[in-house]
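The chain contents come next:
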Amino acid sequence: MRCGIDVGFGFTKAVNEKGKEVVFPSAVSKTFMTDIGLKPTSDYFVTYLNQTYAVGEAATQCLITETSFSEERFFSEFSKLLVLTALMALESDREVELGLGLPLMLYPKLKEKVKDYFEFLEEIIIDKNGIAHSYHIARCEVFPQGVGALFSITSPVEDGIYCILDVGFRTTDVIVVEIKSKNINPLLDMCFTVDKGMSLAVERLGLMIERKYGVSYDTSLLFDIHERSHISVRGRKIDIEPHKKEVFRAIADDIVQSISRRLQRGFDTFDAVLASGGGAFTVASVLQKEFSNVQIIENSQFANAKGYLALLSLGL
Ligand SMILES: Nc1ncnc2c1ncn2[C@@H]1O[C@H](COP(=O)(O)OP(=O)(O)OP(=O)(O)O)[C@@H](O)[C@H]1O
Ligand SMILES: [Mg+2]
């Protein structure tokens, strides 16, 4: 079965050719079977080589959680566990054709390393019910992240120069490509990464709560703030919607300014500006006030993963 998996700094997104989609935090933590108890069924606990791990949301509640930010993260056991958990969550068959991605800047350097690490792997992971899932990665292709997003669009893209803004958890990638008679050519000297993303919302909201209610709030509990409208502070339920609005707006302004400063041309000089990633809506809504050529890629958080799947199928 073909699967596209986008291992982001914040979240792992995975899709398969049947259209099933899963997303969970990119977090892994060693744990013990005895800790599992009666946990909600949505949590992932897997056993790999005799060690049990909490993966995703379950790991964010553990004391020592691995969230790797180094280059090695892309070809390490950390990534392997996220990929195997994603395959399990996708209910993939044993035989897998895998599409993965790398940030454009790291792509030339790490492409082969990542491919060699995953291709031809034979692995078994055991789920929390003791059922073994075995996978054979018969093929692994690695694609540049933002370019992948372009391929998630079903209608063909016309010739021109496009700017893709991939607004993620920790970073925002700016990718400029020229499309000419179906060839996609990244214009590398115009591509860059801004070290700002939606995780700023978590930090700022945490500070805001601290200031307003005089309590320090464990921000690891805010990883899913985009889905939450309330939090509990000292047993009191607090509506965070107005705070979220303010924080998201400020972050979007901040990210747009950082991009504008480094972009060598105006947003309006592109044939289109396409926003992808979990923060696409937040950032695009600021840009759309000023520019009419800004679009949000549908199902933006899954754009890369869907793109990798499309690229696998094209046999590129
Ligand atoms: N509908 C939404 N509205 C606002 N924010 C959202 C929404 N969906 C996801 N997010 C936010 O987007 C972020 C995750 O985006 P994404 O999955 O693209 O990041 P990532 O790929 O893990 O990070 P990076 O690209 O930095 O590696 C999270 O901070 C999440 O809160
Ligand atoms: Mg991303």
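Here, every reference points to the structure presented above.
Worth saying up front: this structure is predicted, and the values here are computed from it rather than measured.

(A) How the structure looks around the overall build of the chain. Of regular secondary structure, the chain possesses nine helices and 17 strands. A globule of 316 residues ought to have a C-alpha radius of gyration of about 20 Å, and the chain, at 20 Å, matches this closely. The buried share of the chain, taken over its 316 residues, is 40%.

(B) Structural context of the site of ligand 1. Around ligand 1 there are 21 residues in total, and Gly8, Gly10, Gly168, Met198 and Gly278 lie nearest to it. Elements represented by at least two residues in the shell around ligand 1 include exactly strand E2 (11-16) and helix H8 (280-288). Here the shell around ligand 1 is composed, by residue class, of six nonpolar, twelve polar and three charged. Composition of the shell around ligand 1 by domain shows at least three residues from each of domain 1 (2-147 + 306-314) and domain 2 (157-298).

(C) Highlighting the packing of helix H7 (residues 241-262) against H8. At a minimum axis separation of 9 Å, H7 and H8 run at an interaxial angle of 70°. Judged by the inter-axis angle, H7 sits roughly perpendicular to H8. Both H7 and H8 take part in a crossing whose hand is right-handed. Of the residues in H8, those touching H7 at Phe248, Ile251, Ala252, Asp253, Ile255 and Val256 are Thr282, Val283, Val286 and Leu287.

The rules behind each value
Residues numbered from 1 in each chain as written. Chains lettered and ligands numbered in written order. Predicted model: local features only at pLDDT ≥ 70, side-chain atom pairs only at ≥ 80, totals over all residues. Helix = DSSP H or I, 4+ residues; strand = E, 2+ residues; numbered from the N terminus. Rg over C-alpha atoms; globule rule 2.2 N^0.38 Å. Buried ≥ 20, exposed ≤ 12 C-beta atoms within 10 Å, placed from the backbone. Near = placed C-beta within 6 Å. Nonpolar A, V, L, I, M, F, W, Y, C, P; charged D, E, K, R; others polar. Domains from an automatic or database assignment. Axes fitted to C-alpha atoms, helices over the stretch in contact; angles between N-to-C directions. Parallel < 35°, antiparallel > 145°, perpendicular 65-115°, else oblique. Left-handed = near helix turned anticlockwise from the far one by under 90°. Contact = placed C-beta atoms within 7 Å.

Note that every value here comes from positions in space, so none of it alone points to a role or purpose.
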